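Fold and contact review
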Amino acid sequence: MSNFDIIKIRKDFPILSKKMADGKPLVYFDNGASTQKPNAVIDAISHYYRAEYSNIHRGVHQLSTFATQKHEDARKTITEYLNAASSNEIILTKGTTEAINLVAQTWGRQNLSAGDEILISNLEHHANIVPWQMIAEEKGAILKVAPIDDNCDIIIEEYEKLLSDKTAIVSIGYVSNALGTVNPVKQIVELAHRNGALVLIDGAQAMPHYKVDVRDLDCDFFAFSGHKTFGPTGIGVLYGKEALLNEMPPYQGGGDMISTVTFEKSTYKKSPERFEAGTPHISGAIGLAEALNYLGSIGHSSIVEYEDKLIDYAYEKMMAIEGVVIYGHPKKRAGAISFLFEGVHSHDIASVLDMDAIAVRSGHHCTQPLMNTLGVSSTARASFAFYNTFEEVDFFIKSLEKAKTLLM
(Lines give C-alpha, C1' and ligand atoms only; values in the text may rest on other atoms or scores of the structure.)
Protein backbone atom coordinates (compact mmCIF):
# COMPACT_ATOMS: atom_id res chain seq x y z
CA MET A 1 0.00 0.00 0.00
CA SER A 2 3.07 2.23 -0.38
CA ASN A 3 1.56 4.34 -3.18
CA PHE A 4 -1.80 4.76 -1.43
CA ASP A 5 -2.09 8.43 -0.44
CA ILE A 6 -5.53 9.10 1.05
CA ILE A 7 -4.99 12.88 1.18
CA LYS A 8 -4.12 13.00 -2.54
CA ILE A 9 -6.96 10.63 -3.40
CA ARG A 10 -9.54 12.78 -1.62
CA LYS A 11 -8.33 15.84 -3.52
CA ASP A 12 -9.11 13.96 -6.74
CA PHE A 13 -12.83 13.96 -5.79
CA PRO A 14 -14.09 17.57 -5.67
CA ILE A 15 -17.39 16.80 -3.94
CA LEU A 16 -15.59 15.39 -0.89
CA SER A 17 -14.60 18.92 0.14
CA LYS A 18 -18.23 20.08 0.02
CA LYS A 19 -19.77 21.69 3.08
CA MET A 20 -23.39 20.83 3.80
CA ALA A 21 -25.96 22.58 6.02
CA ASP A 22 -24.45 24.47 8.96
CA GLY A 23 -21.07 24.26 7.26
CA LYS A 24 -20.58 20.62 8.22
CA PRO A 25 -18.28 18.64 5.91
CA LEU A 26 -19.90 15.91 3.83
CA VAL A 27 -19.28 12.36 5.02
CA TYR A 28 -20.36 10.23 2.10
CA PHE A 29 -21.19 6.68 3.22
CA ASP A 30 -23.68 5.92 0.44
CA ASN A 31 -21.25 4.38 -2.03
CA GLY A 32 -23.34 1.25 -2.48
CA ALA A 33 -26.01 3.41 -4.13
CA SER A 34 -23.55 5.37 -6.29
CA THR A 35 -19.92 6.42 -6.07
CA GLN A 36 -18.48 9.91 -6.44
CA LYS A 37 -16.47 10.91 -9.51
CA PRO A 38 -12.79 11.90 -9.69
CA ASN A 39 -11.63 14.95 -11.63
CA ALA A 40 -10.19 12.67 -14.30
CA VAL A 41 -13.68 11.40 -15.16
CA ILE A 42 -15.35 14.82 -14.93
CA ASP A 43 -12.65 16.39 -17.10
CA ALA A 44 -12.78 13.60 -19.73
CA ILE A 45 -16.55 14.01 -20.13
CA SER A 46 -16.32 17.81 -20.21
CA HIS A 47 -13.51 17.72 -22.76
CA TYR A 48 -15.49 15.41 -25.05
CA TYR A 49 -18.45 17.81 -25.08
CA ARG A 50 -16.28 20.92 -25.37
CA ALA A 51 -13.76 19.81 -27.97
CA GLU A 52 -14.53 16.39 -29.46
CA TYR A 53 -18.30 16.02 -29.69
CA SER A 54 -19.83 14.26 -32.66
CA ASN A 55 -22.06 11.28 -33.28
CA ILE A 56 -20.15 8.14 -34.12
CA HIS A 57 -19.88 5.20 -36.52
CA ARG A 58 -21.79 6.65 -39.45
CA GLY A 59 -19.82 9.82 -40.21
CA VAL A 60 -16.84 10.10 -42.53
CA HIS A 61 -15.87 13.61 -41.44
CA GLN A 62 -12.87 14.07 -39.14
CA LEU A 63 -14.76 14.84 -35.95
CA SER A 64 -17.00 11.80 -36.26
CA THR A 65 -14.03 9.60 -37.05
CA PHE A 66 -12.19 10.88 -34.00
CA ALA A 67 -15.20 10.46 -31.68
CA THR A 68 -15.73 6.95 -33.01
CA GLN A 69 -12.12 6.12 -32.18
CA LYS A 70 -12.52 7.50 -28.65
CA HIS A 71 -15.65 5.40 -28.12
CA GLU A 72 -14.06 2.21 -29.38
CA ASP A 73 -10.88 2.92 -27.40
CA ALA A 74 -13.13 3.06 -24.34
CA ARG A 75 -14.51 -0.36 -25.21
CA LYS A 76 -10.94 -1.62 -25.57
CA THR A 77 -10.05 -0.24 -22.12
CA ILE A 78 -13.03 -2.06 -20.59
CA THR A 79 -12.03 -5.24 -22.45
CA GLU A 80 -8.50 -5.12 -21.07
CA TYR A 81 -9.66 -4.19 -17.58
CA LEU A 82 -11.90 -7.27 -17.38
CA ASN A 83 -9.37 -9.44 -19.25
CA ALA A 84 -12.03 -10.36 -21.79
CA ALA A 85 -10.80 -12.26 -24.84
CA SER A 86 -12.10 -9.68 -27.33
CA SER A 87 -13.81 -6.30 -27.54
CA ASN A 88 -16.62 -8.18 -29.28
CA GLU A 89 -17.49 -9.54 -25.82
CA ILE A 90 -18.17 -6.08 -24.37
CA ILE A 91 -21.69 -4.72 -24.83
CA LEU A 92 -22.34 -1.19 -23.59
CA THR A 93 -25.67 -0.89 -21.77
CA LYS A 94 -27.40 1.62 -19.49
CA GLY A 95 -26.23 -0.31 -16.46
CA THR A 96 -26.38 -3.64 -14.63
CA THR A 97 -30.17 -3.74 -14.73
CA GLU A 98 -30.33 -3.44 -18.51
CA ALA A 99 -27.49 -5.96 -18.88
CA ILE A 100 -29.34 -8.62 -16.87
CA ASN A 101 -32.59 -7.88 -18.69
CA LEU A 102 -30.75 -8.22 -21.99
CA VAL A 103 -29.61 -11.74 -21.13
CA ALA A 104 -33.02 -12.75 -19.76
CA GLN A 105 -34.90 -11.42 -22.78
CA THR A 106 -32.50 -12.67 -25.47
CA TRP A 107 -30.69 -15.77 -24.26
CA GLY A 108 -33.62 -16.62 -21.98
CA ARG A 109 -36.32 -16.24 -24.61
CA GLN A 110 -34.31 -18.29 -27.08
CA ASN A 111 -33.16 -21.08 -24.77
CA LEU A 112 -35.55 -21.53 -21.83
CA SER A 113 -38.38 -24.06 -22.01
CA ALA A 114 -41.11 -25.21 -19.65
CA GLY A 115 -39.59 -26.96 -16.65
CA ASP A 116 -36.13 -25.44 -17.04
CA GLU A 117 -34.72 -23.97 -13.86
CA ILE A 118 -33.13 -20.58 -13.15
CA LEU A 119 -31.11 -20.46 -9.94
CA ILE A 120 -30.48 -17.27 -7.97
CA SER A 121 -29.78 -16.64 -4.27
CA ASN A 122 -31.57 -15.11 -1.31
CA LEU A 123 -29.14 -12.16 -1.40
CA GLU A 124 -30.10 -10.79 -4.81
CA HIS A 125 -30.99 -7.24 -5.78
CA HIS A 126 -34.39 -6.90 -7.47
CA ALA A 127 -32.54 -6.36 -10.76
CA ASN A 128 -31.36 -9.97 -10.51
CA ILE A 129 -34.76 -11.31 -9.48
CA VAL A 130 -37.49 -9.56 -11.48
CA PRO A 131 -36.06 -10.09 -15.02
CA TRP A 132 -35.83 -13.84 -14.30
CA GLN A 133 -39.34 -13.92 -12.88
CA MET A 134 -40.64 -12.25 -16.03
CA ILE A 135 -38.97 -14.65 -18.47
CA ALA A 136 -39.76 -17.66 -16.24
CA GLU A 137 -43.45 -16.78 -16.31
CA GLU A 138 -43.37 -16.34 -20.07
CA LYS A 139 -41.51 -19.61 -20.78
CA GLY A 140 -42.87 -21.80 -17.99
CA ALA A 141 -39.45 -22.02 -16.34
CA ILE A 142 -38.96 -22.36 -12.58
CA LEU A 143 -37.08 -19.87 -10.41
CA LYS A 144 -35.15 -21.48 -7.55
CA VAL A 145 -33.42 -19.70 -4.69
CA ALA A 146 -30.24 -20.76 -2.90
CA PRO A 147 -30.64 -20.11 0.85
CA ILE A 148 -28.33 -18.25 3.22
CA ASP A 149 -27.17 -19.16 6.72
CA ASP A 150 -27.51 -17.12 9.91
CA ASN A 151 -24.40 -15.12 9.02
CA CYS A 152 -25.89 -14.30 5.59
CA ASP A 153 -23.48 -16.40 3.56
CA ILE A 154 -24.86 -18.58 0.76
CA ILE A 155 -25.03 -22.19 1.96
CA ILE A 156 -22.87 -23.74 -0.75
CA GLU A 157 -23.99 -27.28 0.06
CA GLU A 158 -27.64 -26.27 -0.45
CA TYR A 159 -26.74 -24.36 -3.62
CA GLU A 160 -25.03 -27.47 -4.96
CA LYS A 161 -28.07 -29.61 -4.12
CA LEU A 162 -30.30 -27.26 -6.16
CA LEU A 163 -28.16 -27.73 -9.28
CA SER A 164 -29.37 -30.41 -11.68
CA ASP A 165 -29.59 -31.17 -15.36
CA LYS A 166 -32.69 -28.94 -15.33
CA THR A 167 -30.64 -25.89 -14.29
CA ALA A 168 -30.30 -23.71 -17.38
CA ILE A 169 -28.64 -20.66 -15.83
CA VAL A 170 -27.33 -19.48 -12.48
CA SER A 171 -27.46 -15.73 -11.85
CA ILE A 172 -25.67 -14.59 -8.71
CA GLY A 173 -24.41 -11.32 -7.26
CA TYR A 174 -20.68 -11.15 -6.55
CA VAL A 175 -21.21 -8.85 -3.54
CA SER A 176 -24.49 -8.19 -1.72
CA ASN A 177 -25.51 -4.55 -2.05
CA ALA A 178 -27.50 -4.72 1.20
CA LEU A 179 -25.12 -6.60 3.50
CA GLY A 180 -21.69 -6.61 1.86
CA THR A 181 -21.50 -10.41 1.72
CA VAL A 182 -18.81 -11.49 -0.75
CA ASN A 183 -19.90 -14.68 -2.47
CA PRO A 184 -17.47 -17.42 -3.56
CA VAL A 185 -18.30 -16.77 -7.20
CA LYS A 186 -15.49 -18.84 -8.70
CA GLN A 187 -16.72 -21.91 -6.82
CA ILE A 188 -20.30 -21.06 -7.78
CA VAL A 189 -19.29 -20.94 -11.46
CA GLU A 190 -17.36 -24.23 -11.28
CA LEU A 191 -20.25 -26.10 -9.68
CA ALA A 192 -22.76 -24.69 -12.19
CA HIS A 193 -20.60 -25.58 -15.19
CA ARG A 194 -20.13 -29.09 -13.81
CA ASN A 195 -23.92 -29.41 -14.10
CA GLY A 196 -24.06 -27.90 -17.59
CA ALA A 197 -25.54 -24.55 -16.54
CA LEU A 198 -24.46 -21.11 -17.69
CA VAL A 199 -23.59 -18.42 -15.13
CA LEU A 200 -24.26 -14.69 -15.01
CA ILE A 201 -22.45 -12.70 -12.33
CA ASP A 202 -24.01 -9.43 -11.16
CA GLY A 203 -20.81 -7.49 -10.52
CA ALA A 204 -22.33 -4.09 -9.72
CA GLN A 205 -21.11 -4.08 -6.11
CA ALA A 206 -17.84 -5.91 -6.77
CA MET A 207 -16.30 -3.61 -9.38
CA PRO A 208 -15.74 -0.64 -7.02
CA HIS A 209 -13.68 -2.88 -4.71
CA TYR A 210 -12.08 -5.70 -6.70
CA LYS A 211 -10.15 -6.26 -9.92
CA VAL A 212 -12.33 -8.68 -11.88
CA ASP A 213 -10.88 -11.16 -14.36
CA VAL A 214 -13.77 -12.69 -16.30
CA ARG A 215 -11.59 -15.38 -17.88
CA ASP A 216 -10.29 -16.46 -14.49
CA LEU A 217 -13.85 -16.57 -13.15
CA ASP A 218 -14.92 -18.38 -16.35
CA CYS A 219 -18.40 -16.85 -16.02
CA ASP A 220 -20.52 -16.79 -19.15
CA PHE A 221 -21.90 -13.30 -18.50
CA PHE A 222 -20.78 -10.48 -16.20
CA ALA A 223 -22.69 -7.23 -15.64
CA PHE A 224 -21.75 -3.97 -13.95
CA SER A 225 -22.65 -0.27 -13.81
CA GLY A 226 -20.48 2.76 -14.45
CA HIS A 227 -21.97 4.94 -11.73
CA LYS A 228 -21.06 2.43 -9.01
CA THR A 229 -17.50 2.27 -10.36
CA PHE A 230 -16.62 5.99 -10.05
CA GLY A 231 -17.87 6.61 -13.60
CA PRO A 232 -20.95 8.28 -15.12
CA THR A 233 -24.59 7.33 -14.74
CA GLY A 234 -26.41 5.80 -17.68
CA ILE A 235 -23.56 3.53 -18.79
CA GLY A 236 -22.91 -0.09 -17.94
CA VAL A 237 -21.38 -3.22 -19.35
CA LEU A 238 -22.47 -6.71 -20.23
CA TYR A 239 -19.59 -9.07 -20.81
CA GLY A 240 -20.51 -12.29 -22.55
CA LYS A 241 -18.54 -15.08 -24.16
CA GLU A 242 -18.47 -14.23 -27.86
CA ALA A 243 -19.88 -17.52 -29.14
CA LEU A 244 -22.87 -17.16 -26.81
CA LEU A 245 -23.51 -13.54 -27.77
CA ASN A 246 -23.48 -14.27 -31.49
CA GLU A 247 -26.14 -16.97 -31.01
CA MET A 248 -28.45 -14.58 -29.14
CA PRO A 249 -31.08 -12.54 -31.01
CA PRO A 250 -31.01 -8.73 -30.87
CA TYR A 251 -32.52 -7.05 -27.84
CA GLN A 252 -33.72 -3.89 -29.60
CA GLY A 253 -34.03 -2.86 -33.24
CA GLY A 254 -32.81 0.37 -34.80
CA GLY A 255 -29.81 2.01 -36.32
CA ASP A 256 -26.28 0.64 -36.33
CA MET A 257 -27.19 -2.91 -35.27
CA ILE A 258 -28.17 -4.04 -38.74
CA SER A 259 -26.34 -5.42 -41.74
CA THR A 260 -29.20 -4.92 -44.19
CA VAL A 261 -32.76 -3.61 -43.99
CA THR A 262 -35.58 -4.07 -46.47
CA PHE A 263 -39.31 -3.81 -45.84
CA GLU A 264 -39.45 -7.57 -46.08
CA LYS A 265 -36.55 -8.54 -43.79
CA SER A 266 -33.56 -7.25 -41.82
CA THR A 267 -30.28 -8.95 -41.03
CA TYR A 268 -28.10 -8.13 -38.05
CA LYS A 269 -24.47 -7.55 -37.22
CA LYS A 270 -22.56 -9.72 -34.81
CA SER A 271 -21.79 -8.77 -31.20
CA PRO A 272 -21.44 -6.14 -29.88
CA GLU A 273 -23.19 -4.04 -32.53
CA ARG A 274 -26.31 -6.23 -32.68
CA PHE A 275 -27.08 -5.31 -29.05
CA GLU A 276 -26.37 -1.57 -29.33
CA ALA A 277 -29.21 -0.08 -31.34
CA GLY A 278 -29.22 3.68 -31.78
CA THR A 279 -26.83 6.41 -30.72
CA PRO A 280 -24.88 5.13 -27.71
CA HIS A 281 -23.94 6.94 -24.52
CA ILE A 282 -20.63 8.11 -26.02
CA SER A 283 -19.55 10.38 -23.18
CA GLY A 284 -20.55 7.67 -20.70
CA ALA A 285 -18.25 5.14 -22.34
CA ILE A 286 -15.38 7.65 -22.36
CA GLY A 287 -16.01 8.52 -18.70
CA LEU A 288 -16.24 4.88 -17.65
CA ALA A 289 -12.95 4.05 -19.35
CA GLU A 290 -11.34 6.98 -17.54
CA ALA A 291 -12.73 5.72 -14.22
CA LEU A 292 -11.20 2.29 -14.80
CA ASN A 293 -7.88 3.87 -15.72
CA TYR A 294 -8.05 5.91 -12.52
CA LEU A 295 -8.65 2.79 -10.41
CA GLY A 296 -5.71 1.11 -12.11
CA SER A 297 -3.48 4.08 -11.33
CA ILE A 298 -4.16 3.73 -7.60
CA GLY A 299 -3.60 -0.02 -7.60
CA HIS A 300 -6.22 -2.63 -6.89
CA SER A 301 -4.29 -4.47 -4.20
CA SER A 302 -3.84 -1.17 -2.33
CA ILE A 303 -7.57 -0.43 -2.59
CA VAL A 304 -8.52 -3.85 -1.21
CA GLU A 305 -5.97 -3.65 1.62
CA TYR A 306 -7.14 -0.19 2.69
CA GLU A 307 -10.86 -0.91 2.40
CA ASP A 308 -10.60 -4.18 4.33
CA LYS A 309 -9.01 -2.33 7.24
CA LEU A 310 -11.54 0.50 7.04
CA ILE A 311 -14.63 -1.70 7.02
CA ASP A 312 -13.26 -3.95 9.79
CA TYR A 313 -12.63 -0.82 11.87
CA ALA A 314 -16.17 0.47 11.27
CA TYR A 315 -17.70 -2.94 12.03
CA GLU A 316 -15.86 -3.28 15.34
CA LYS A 317 -16.78 0.26 16.42
CA MET A 318 -20.45 -0.29 15.52
CA MET A 319 -20.57 -3.65 17.30
CA ALA A 320 -19.37 -1.90 20.47
CA ILE A 321 -22.45 0.38 20.57
CA GLU A 322 -25.11 -1.19 22.76
CA GLY A 323 -28.45 -1.37 20.96
CA VAL A 324 -27.01 -1.45 17.43
CA VAL A 325 -28.04 -4.55 15.50
CA ILE A 326 -25.84 -5.40 12.51
CA TYR A 327 -27.41 -7.61 9.84
CA GLY A 328 -25.06 -10.11 8.28
CA HIS A 329 -21.77 -11.38 9.66
CA PRO A 330 -20.36 -13.03 6.53
CA LYS A 331 -16.98 -14.73 6.21
CA LYS A 332 -15.92 -11.99 3.81
CA ARG A 333 -17.41 -8.51 3.55
CA ALA A 334 -16.94 -5.66 1.08
CA GLY A 335 -18.46 -2.21 0.89
CA ALA A 336 -21.51 -2.28 3.13
CA ILE A 337 -22.70 -2.69 6.70
CA SER A 338 -26.47 -2.83 7.34
CA PHE A 339 -27.77 -1.97 10.79
CA LEU A 340 -30.65 -0.76 12.95
CA PHE A 341 -31.38 0.37 16.46
CA GLU A 342 -33.88 -2.01 18.00
CA GLY A 343 -37.39 -0.68 17.44
CA VAL A 344 -36.26 2.36 15.41
CA HIS A 345 -37.07 2.88 11.73
CA SER A 346 -34.12 3.10 9.34
CA HIS A 347 -35.32 6.43 7.91
CA ASP A 348 -35.19 8.01 11.36
CA ILE A 349 -31.60 6.85 11.83
CA ALA A 350 -30.59 8.19 8.40
CA SER A 351 -32.34 11.50 9.07
CA VAL A 352 -30.49 12.07 12.35
CA LEU A 353 -27.15 11.16 10.75
CA ASP A 354 -27.93 13.59 7.93
CA MET A 355 -28.10 16.39 10.52
CA ASP A 356 -24.35 15.79 10.87
CA ALA A 357 -23.99 15.72 7.04
CA ILE A 358 -23.43 11.96 7.06
CA ALA A 359 -25.00 10.33 4.01
CA VAL A 360 -26.19 6.75 4.53
CA ARG A 361 -28.93 4.81 2.77
CA SER A 362 -32.14 3.63 4.43
CA GLY A 363 -34.85 1.32 3.11
CA HIS A 364 -35.06 -2.18 1.69
CA HIS A 365 -32.14 -1.56 -0.74
CA CYS A 366 -34.08 -3.25 -3.56
CA THR A 367 -33.76 -6.54 -1.65
CA GLN A 368 -37.25 -7.06 -0.24
CA PRO A 369 -37.01 -10.89 -0.22
CA LEU A 370 -33.76 -10.63 1.78
CA MET A 371 -35.36 -8.17 4.22
CA ASN A 372 -38.23 -10.63 4.68
CA THR A 373 -35.70 -13.38 5.48
CA LEU A 374 -34.04 -11.09 8.03
CA GLY A 375 -37.42 -10.27 9.57
CA VAL A 376 -37.21 -6.50 8.99
CA SER A 377 -38.79 -4.11 6.50
CA SER A 378 -35.64 -2.05 6.04
CA THR A 379 -32.18 -1.27 7.37
CA ALA A 380 -29.81 1.67 7.47
CA ARG A 381 -26.72 1.01 5.40
CA ALA A 382 -23.28 2.57 5.62
CA SER A 383 -21.28 1.78 2.50
CA PHE A 384 -17.65 2.66 2.00
CA ALA A 385 -15.14 3.44 -0.75
CA PHE A 386 -11.36 3.85 -0.80
CA TYR A 387 -11.69 7.64 -0.47
CA ASN A 388 -13.37 7.35 2.95
CA THR A 389 -11.23 7.76 6.07
CA PHE A 390 -10.88 6.36 9.56
CA GLU A 391 -11.57 9.87 10.87
CA GLU A 392 -14.91 9.85 9.03
CA VAL A 393 -15.72 6.52 10.66
CA ASP A 394 -14.95 7.99 14.09
CA PHE A 395 -17.24 10.94 13.39
CA PHE A 396 -19.94 8.55 12.15
CA ILE A 397 -19.68 6.53 15.38
CA LYS A 398 -20.09 9.68 17.50
CA SER A 399 -23.11 10.70 15.44
CA LEU A 400 -24.54 7.19 15.74
CA GLU A 401 -24.22 7.35 19.53
CA LYS A 402 -25.98 10.73 19.47
CA ALA A 403 -28.73 9.27 17.27
CA LYS A 404 -29.17 6.41 19.72
CA THR A 405 -29.71 8.91 22.57
CA LEU A 406 -32.33 10.77 20.52
CA LEU A 407 -34.18 7.78 19.10
CA MET A 408 -34.11 5.06 21.75
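Cut-offs used in this document
Residues numbered from 1 in each chain as written. Predicted model: local features only at pLDDT ≥ 70, side-chain atom pairs only at ≥ 80, totals over all residues. Heavy atoms only, no water. Helix = DSSP H or I, 4+ residues; strand = E, 2+ residues; numbered from the N terminus. Core = buried A, V, L, I, M, F, W, Y, C linked by side-chain atoms within 4.5 Å. Buried < 20%, exposed > 50% of the residue type's maximum accessible area, 1.4 Å probe, protein only. Pairing = 2+ DSSP bridges. Axes fitted to C-alpha atoms, helices over the stretch in contact; angles between N-to-C directions. Contact = heavy atoms within 4.5 Å. Parallel < 35°, antiparallel > 145°, perpendicular 65-115°, else oblique. Left-handed = near helix turned anticlockwise from the far one by under 90°. Nonpolar A, V, L, I, M, F, W, Y, C, P; charged D, E, K, R; others polar. Right-handed = clockwise from strand over helix to strand, strands pointing away.

Here we take up unusual backbone geometry. Going from Ser271 to Pro272, the amide bond is cis rather than trans, its omega being 5 degrees. Note on placement: Pro272 falls in the loop between strand S10 (266–268) and helix H10 (282–298). Even without a glycine there, the phi angle at Cys366 is positive, about 55 degrees. With respect to the secondary-structure elements, Cys366 resides in the loop between strand S14 (361–363) and helix H13 (368–374).

With that settled, the discussion passes to the nonpolar core. By size, the foremost hydrophobic cluster in this structure holds 98 residues, and its most contacted members are Leu82, Tyr174, Phe222, Phe339 and Phe396. In terms of residues, this core owes the most to one element, H10, which gives 8 residues. By size, the runner-up hydrophobic cluster in this structure holds 26 residues, among which are Ile118, Trp132, Ala223 and Leu244.

As summarised here, the arrangement of the 4 strands in space is S11-S12-S15-S14, forming an open sheet in which the pairing is antiparallel. The open sheet terminates on both sides in strands that have one partner only, identified here as strand S11 (324–327) and S14. The average angle at which neighbouring strand axes cross in this sheet is 30 degrees, direction not considered. Sheet strands touched by helix H11 (residues 300–319): S11 and strand S12 (336–341). Its angle to S12, the strand with the most contacts, is close to 10 degrees.

As for its position among the elements, His71 is in helix H3 (residues 62–82). A relative accessible area of 1% means that His71 is categorised as buried. Those residues in contact with His71 that sit more than four places away from it in its chain are Ile56, His57, Leu92, Pro280, Ile282 and Ala285.

Following both chains from N to C, one finds helix H2 (residues 39–52) and H10 inclined at 150 degrees, their axes separated by 8 Å at the closest point. Between H2 and H10, the angle is such that the two are roughly antiparallel. Like other packed secondary-structure pairs, H2 and H10 cross with a definite hand, here right-handed. Within the contact between the two elements, H2 uses Ala40, Val41, Ala44, Ile45, Tyr48 and Tyr49 and H10 uses Ile282, Ser283, Ile286, Gly287, Glu290 and Ala291. Within the contact of H2 with H10, the residues separate by chemical class into 9 nonpolar, 2 polar and 1 charged.

With that settled, the discussion passes to the pairing of strand S3 (residues 117–121). A regular strand places its side chains on the two faces of the sheet in alternate fashion. Within S3, 5 of the 5 residues are buried, which leaves the element mostly enclosed by the surrounding structure. Sheet topology places S3 next to strand S4 (residues 142–146); 5 bridges connect them, and they run parallel. Note on S4: the bridge partner recorded for Ile120 is Val145. Crossover S3 to S4 through helix H5 (residues 130–139) is right-handed.

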